[in-house]
Amino acid sequence: MAPLMEDEVFMAFTTYAAIVILKMSLMAPMTAFFRFSRGAFANEEDVALKPSEERKKLLRSHPDVERVRRCHQNDLENIVPFVLVGLLYALTGPELSAALLHFRVFAGSRIFHTIAYVGALPQPSRALSWMIGFLVTISMSYRVLSKVLVL
Amino acid sequence: MAPLMEDEVFMAFTTYAAIVILKMSLMAPMTAFFRFSRGAFANEEDVALKPSEERKKLLRSHPDVERVRRCHQNDLENIVPFVLVGLLYALTGPELSAALLHFRVFAGSRIFHTIAYVGALPQPSRALSWMIGFLVTISMSYRVLSKVLVL
Amino acid sequence: MAPLMEDEVFMAFTTYAAIVILKMSLMAPMTAFFRFSRGAFANEEDVALKPSEERKKLLRSHPDVERVRRCHQNDLENIVPFVLVGLLYALTGPELSAALLHFRVFAGSRIFHTIAYVGALPQPSRALSWMIGFLVTISMSYRVLSKVLVL
């Protein structure tokens, strides 16, 4: 193991980073599931085995598929910055308790965000869960820039 | 602080990585601003509180919202690779002056890219700013692969 | 060079990470090539120099451009998680042979995925190459979480 992996804050970062990246990756099979169950595909080769009269009808977008794709996109826009900034944040040597607070709140907010998005829960549930995750990333960025600033 | 954070090149990388990720993250509130000001939403639950006759009209795409979203997408396609390659590049021990040149040019080019995209400045302002950032990432990748190659 | 760059597993990670990020970045010039050759642009300023009667016709989407863009998006959804999890995986000190197997299979699967997607090869070529890359990332995530778990 690299020496970094003996640092508790870095280990905590590693754990939560792996969890939120796994969560994000699972949006891909979820999109595939909705594409098959709703019959909505994006590529001609994906429907080549269907009877020819059905093919055109299957090359369409479906609201449920688009919803899952927007959720996946939102993960890309939020989870990737969290992991990148979180890595730098963990290297600035924060208190373990402060770091865990950031990581746990972020992971919880993004899991709830997915439930709120895919389940179409009434607003402001999705907006609030997005906002909480966003603020965690901003807070870590602030710590990083206030500890390390070489312009 | 981790020993890495005592290395000046890594501190410079950390600074500019945090700045460009922050810039990218700010595209999300900018999208929200344009969604509200232009009245163009993507989800039914986002317009549930509006009078029912207005709801359908608000579930639409608007050119200004789409423009900000394309800019955000372009950031994802360019800033994320910069941060990932830049991390590896910083670990290969480049000269501080060379590293700072890469990081400053990239950050400047992406900030100008956003202004050119959202402000719809005449081409080739956006194309050139994109190209400059792209070449910085290619240059860092070249350095990484020429210093470290284990296939 | 940072001490990390004397570790063979980390050097192998660095090599393959740079390769797959370069591959992903090359989707942008490929998109530009298809936009120009197919005459399909997204922004008014991109067609401002064309005769005014042609402009509206050029502001359209084209199936070939959309295909390359979906391929780029799929790279973002798969290559970025690979690099992020792969970095953590390399730090957990796996055997060099096991690490190289993961990295090589992933890089090969994503290069083939691009060929299958842009070339519209018959399914399940694209689905299988996607699945192989996906399983590599899951396997590395599993190793990371089984070695390092601080919740």
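Where an unreviewed UniProt entry is consulted, chain A appears under the name Microsomal glutathione S-transferase 1, with the organism given as Zoarces viviparus. As recorded by UniProt, the Subunit (unreviewed entry) comment attached to chain A reads in full: "Homotrimer; The trimer binds only one molecule of glutathione." Quoted verbatim from the Catalytic activity (unreviewed entry) field of the UniProt record, the comment on chain A reads "RX + glutathione = an S-substituted glutathione + a halide anion + H(+)".

(A) Focus on the overall build of chain A. Within chain A, the secondary structure is distributed over six helices and zero strands. Listing each helix as α and each strand as β along chain A from the N terminus yields α-α-α-α-α-α. Compactness check: chain A gives a C-alpha radius of gyration of 19 Å against a globular reference of 15 Å for 151 residues, more than 25% above the reference. Expressed as a percentage of its 151 residues, the buried residues of chain A come to 55%. When contacts within chain A are restricted to residue pairs at least 6 apart in sequence, those whose partners lie at least 24 apart make up 72%. Total accessible area on chain A stands at roughly 6,700 Å², and carbon and sulfur atoms take up 64% of it. The averaged location of the 13 negative side-chain charges in chain A is 7 Å from the averaged location of its 16 positive side-chain charges.

(B) Looking closely at the UniProt feature "transmembrane region" (unreviewed entry) in chain A. Residues and elements named next belong to chain A. Under the present numbering, the feature "transmembrane region" (unreviewed entry) in UniProt falls on residues 12-34, 79-107 and 127-145. End-to-end, the C-alpha atoms of residues 12-34 are 34 Å apart, and along that stretch the chain is 96% helix and 0% strand. The straight-line gap between the two end C-alpha atoms of residues 127-145 is 27 Å; of that span, 100% is helix and 0% is strand.

(C) Just the relation of the copies chain A and chain B, in detail. Mapping chain A onto chain B leaves a residual RMSD of 0.0 Å; the transformation is a rotation of 120° accompanied by 0.0 Å of translation along its axis. The relationship between the two copies is best expressed as a three-fold rotation axis. An asymmetric contact is evident, with only 17% of the interface residues of chain A recurring at the interface of chain B.

(D) A look at helix α5 (residues 96-118) of chain B. Residues and elements named next belong to chain B. The end-to-end C-alpha distance of α5 is 33 Å, a good match for the 33 Å that 23 residues give at a rise of 1.5 Å each. Within the span of α5, buried status applies to Ala99, Leu100, His102, Phe103, Phe106, Ala107, Ser109, Arg110, His113, Thr114, Ala116 and Tyr117. As for α5, its buried residues are in contact with α1 (8-25), α2 (27-38), α4 (63-91) and α6 (125-147).

(E) Main features of α1 of chain B. In this model, α1 of chain B (18 residues) spans 26 Å end to end at C-alpha, consistent with the 26 Å of a helix rising 1.5 Å per residue. For α1 of chain B, the buried fraction is high: 15 of the 18 residues fall into the buried class.

(F) Local environment of the environment of isoleucine 21 of chain A. As for its placement among the helices and strands, isoleucine 21 of chain A is situated in helix α1 (residues 8-25). Among residues more than four places away in sequence, those in contact with isoleucine 21 of chain A are Ile79 and Val83 of chain A together with Pro81, Leu84 and Val85 of chain C.

(G) Region of the structure containing the side chain of histidine 62 of chain C. Residues and elements named next belong to chain C. With respect to the secondary-structure elements, histidine 62 resides in the loop between α3 (52-58) and α4 (63-91). Since its relative accessible area comes to 17%, histidine 62 is described here as buried. The residues contacting histidine 62, other than those within four sequence positions of it, are Arg38 and Ala40.

(H) The arrangement of the packing of aromatic side chains in detail. In total, this model carries 27 aromatic pairs over all chains according to the counting rule given. Taken together, a centroid distance of 4.8 Å and an interplanar angle of 25° make the contact between tryptophan 130 of chain A and phenylalanine 134 of chain A stacked. Of the two residues, tryptophan 130 of chain A and phenylalanine 134 of chain A are both situated in helix α6 (residues 125-147); the distance of four residues between them amounts to about one turn of the helix. Take tryptophan 130 of chain A and phenylalanine 134 of chain A: they sit in the same class, and that class is buried. Seen from their ring centres, phenylalanine 10 of chain B and phenylalanine 13 of chain B are 5.8 Å apart, and the 55° between their planes marks the pair as tilted. Of the two residues, phenylalanine 10 of chain B and phenylalanine 13 of chain B are both situated in helix α1; the distance of three residues between them amounts to about one turn of the helix. Each of the two residues, phenylalanine 10 of chain B as well as phenylalanine 13 of chain B, counts as buried.

About the criteria used
Residue indices follow the written sequence of each chain, beginning from 1 at its first position. As a convention, the first chain written is A and the first ligand written is 1, with the rest following in written order. The model is predicted, so local features are restricted to residues of pLDDT at least 70 and side-chain atom pairs to those at 80 or more, both for listing and for counting; the totals for chains, interfaces and linings are taken over all residues. The side-chain values count all of the structure's non-hydrogen atoms but skip hydrogen atoms and water molecules. UniProt positions are given in the numbering used here, feature names are shortened, and annotations may be inferred rather than shown by experiment. Put simply, DSSP H or I for four residues or longer makes a helix, DSSP E for two residues or longer makes a strand, and each gets a number counted from the N terminus. Radius of gyration means the value over C-alpha atoms here, while the globule rule gives 2.2 Å times the residue count to the 0.38 power. Each residue gets one of three labels from its accessible area relative to the maximum for its type: buried under 20%, exposed over 50%, partly exposed in between, using a 1.4 Å probe on protein chains only. Throughout, a residue-residue contact means that at least one pair of heavy atoms, one from each residue, lies within 4.5 Å. Each accessible area is a Shrake-Rupley result for a 1.4 Å probe, and residues are judged covered by the shown protein chains and nothing else. We count Lys and Arg on the positive side and Asp and Glu on the negative side, and we leave His and both chain ends out. Where a charge lies is defined by one atom per residue type: Lys uses NZ, Arg uses CZ, Asp uses CG and Glu uses CD. Here the copies were fitted onto each other by least squares, based on C-alpha atoms from residues at pLDDT of at least 70 in both. Working rule for helices: expected span equals 1.5 Å times residues minus one. Two rings from Phe, Tyr or Trp (for Trp, the six-membered ring) form a pair when their centres are within 6.5 Å of each other. A pair whose planes differ by under 30 degrees is stacked, one over 60 is edge-to-face, and the rest are tilted.

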